[in-house]
Each structure stands twice: as structure tokens, then as C-alpha cells.
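# Remarks on the overall topology
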Amino acid sequence: MRVPFTKMQGAGNDFIVLDETRTRYPLNEAQIRWLADRHFGVGADQILRVRPAPHAGVDFEYVIHNADGGEVENCGNGARCFARYVHDAGLTQARSVRVQTRAGVLTLLRQDDGRVTVDMGAPVFEPARVPFDTAGLVPRAEGDWCRWPLTPPDGGPECWLAVLSMGNPHAVLRVDDVDNAPVAQWGPWIESHPRFPRRANAGFVQVLDRGCARLRVYERGAGETLACGTGACAAVVAGIRLGWFDERVDVDLPGGRLTIEWPAHQGLHSTVRMTGPAEPVFSGVVDVPEWR
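All values reported here derive from a predicted model rather than from experimental measurement.

Another point: the layout of surface pockets. Taken as a whole, the largest pocket encloses approximately 250 Å³ of empty space. In this structure, the largest pocket is lined by 16 residues; those nearest its centre are Ala-103, Ala-122, Val-124, Met-166 and Gly-167. Split into classes, the residues belonging to the lining of the largest pocket amount to seven nonpolar, six polar and three charged.

Within this structure, the stated rule accounts for eight aromatic pairs. Between Phe-5 and Phe-282, the ring centres sit 5.9 Å apart and the planes meet at 85°, which makes this aromatic pair edge-to-face. Taken together, the positions of Phe-5 in strand β1 (residues 2–10) and Phe-282 in strand β19 (residues 279–287) put the pair 277 residues apart, joining distant regions of the chain. On the accessibility criterion, Phe-5 (8% relative accessible area) is buried. Judged by relative accessible area, which is 40%, Phe-282 ranks as partly exposed. These aromatic residues form a ring-pair network of at least three members: Phe-60, Tyr-62 and Phe-82. Seen from the ring of Trp-160, Arg-140 lies directly overhead, with NZ or CZ sitting 4.3 Å from the centre. In this structure, Arg-174 is placed above the aromatic ring of Trp-244, and the distance from its NZ or CZ to the ring centre is 4.9 Å.

This part takes up the environment of Phe-60. Its place among the elements puts Phe-60 in strand β4 (residues 60–66). When the C-alpha atoms of Phe-60 and Val-99 are compared, they prove to be 4.9 Å apart, with 39 residues separating the residues in sequence.

Turning our eyes to something else, we now look at the side chain of Thr-225. Among the secondary structure elements, Thr-225 is positioned in strand β15 (residues 223–225). Look at Thr-225 and you get buried, because its relative accessible area is 5%. Side-chain polar atoms of Thr-225 contact the backbone oxygen of Ala-227, separated by 3.0 Å. Here Thr-225 is in contact with Asn-13, Asp-45, Val-217 and Glu-219, once residues within four sequence places are set aside.

Sheet analysis places β4 next to strand β6 (residues 96–101), joined by two bridges and oriented parallel. Opposite Glu-61, over in β6, you have Gln-100 as the bridge partner. With six bridges connecting them, β6 and strand β7 (residues 104–110) associate as antiparallel partners. Residue Thr-101 lies in a different strand from β7, and its bridge partner there is Gly-104. Connecting the antiparallel pair β6 and β7 is a turn made up of two residues.

What counts, and at which threshold
- Residues numbered from 1 in each chain as written.
- Predicted model: local features only at pLDDT ≥ 70, side-chain atom pairs only at ≥ 80, totals over all residues.
- Heavy atoms only, no water.
- 1 Å grid on protein atoms, 1.4 Å probe; cavity = no way out; pocket = protein on both sides within 12 Å on 5 of 7 lines; lining within 4 Å.
- Points joined across faces, edges and corners; volume = space filled by probe spheres on them.
- Nonpolar A, V, L, I, M, F, W, Y, C, P; charged D, E, K, R; others polar.
- Phe/Tyr/Trp six-rings, centres within 6.5 Å; stacked < 30°, edge-to-face > 60°.
- Helix = DSSP H or I, 4+ residues; strand = E, 2+ residues; numbered from the N terminus.
- Buried < 20%, exposed > 50% of the residue type's maximum accessible area, 1.4 Å probe, protein only.
- Lys NZ or Arg CZ within 6 Å of the ring centre and 35° of its normal.
- Polar contact = N/O pair within 3.5 Å; in protein donor to acceptor, adjacent residues only side chain to side chain.
- Contact = heavy atoms within 4.5 Å.
- Pairing = 2+ DSSP bridges.

As C-alpha cells, then:
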């Protein structure tokens, strides 16, 4: 099967974008894994599929697959690349578009400087909706919220996690030095912990001051990536509720900077806005093996 694609990146988080506005490509999970493979395929953290609007009130459908082939609810960096792609491909001339995801509707706005702002929707704090199993755990109050304890696999002291959803599950851990954080060891442990029945993205955040942070994220189904948009949103929202941050934070990830804004003073159901880069890398056509 010959599949045309465009490779894009947002702050180093890279994507294969497939235009399915006219033709859908019947890719199974094995074929998606092959596309994402950096040795045998094109290579990417996620595959993004651009589809026609499934109903009135939105402009497109935005479908996301992780590198492991599984379909997921949301991807913030991918949303910015989606907005850039549909404009560059001539699919829309509108500066603002609304897209349907598995997690809900996102509003994407192209800025004059080439960056894209995404209205990521409101965070979800109720553990059952993340979902996160709190049975038998005693949270520790902090700010106007709390953190939950988990015992690391090496048997060391408990680590305290802020747990929330940005359309996908996140666990946020504060560290003193993000460069030396145990991302490779604790990331997969948190991702697959049985208390997260749909697995989780694990964020390791270093607070520099009330408006600046550094972050590394071990993404569900992709491993550590150079940037994670929903992870940056989750880290900032958690930090605002826990008293670490003000309502606008610049987040430096290994691949670049994202700016996150959350007007918590307007209420916990206020939406989160993320602004950052979205760049095309190259386009091509690939012969996808007919695996079943």
C-alpha cells in the first residue's frame, strides 16, 4: 500500500501526518508501528490522521496513534502540527479551526509569528475519571489540592504524584534536577502501574520560579519524547493548584519551549491554552508492507 505523508515536528515531538480527507488508508496496528519505527519505517512519536468533519460544528476529525500502534485521546503538540498542516495543504484558510478528537473538541489558532495556540479544554481532577485507583492510598494536602503516594520499584521512599487528565492520563512528579531525574527507570513503572488502568504519561518537572519550569515526559506508548504538549499542560495545571506556579508558565522541554496559560482564578473548569511551534520537515510517499 502506497501512502503519502508529511513529517512534522513541534518542539522536537515528531509526527507523521496522513491526509485522509479524501481516502482512508486501512492501516492496522502493525503497519502503524512500522511507519513509526525509526529504523525500518519513516520514524515518529505519533501518527496523525486528518479526516473530514464527522458532524456539524467542527472543521475536521483529528485521529492520533502512538508509536505502539494504539489510538489515543489527545496530543497537544500534534494538534499544533495539525493546524499548520491543514493550512499549508490548502484544506482551510481559516486561522482558527475546531477539531474533533476522542477526548472532545479542540480549538486551534495560528498566530502571526507562525506559532499555534491550542485551547486544550479543561483539566479533569476526579481520580475515577483520569482514571486512577486511589483505594487504600492517603493523599497529602498541598496548596488547594493534593498529591498521591506510590512506592518506587527499587523500594525507596514514596514518590508523591499529582494525578489529572488533559484528555489523557497524567502523573506529575516534582524533582530538584530534571537532568538527573529517574525518567528511564520510573517512567515505564508509572506508565504501566496497575493503579492507572489505561496507563499514564509520567512527567518530571523542575520548578525554576513561578513562571518558568523544565520538564521531561515519559509518554504512554512512546517512551521519553523531546516534548509533550498535554504533559506540559498537566505539569503547569498541577503546579498552579499545588502553589508552585502563577497562571502563565514557560515550560522548557528537551525539544523547545511551550507557553502554558490556565486562569485558575476563573474556576477549575477553565480551559488551558498552550502555545508553541509547529514545523514541516519533509513529505514523501512510502510503501507500507501488507502485514496482518
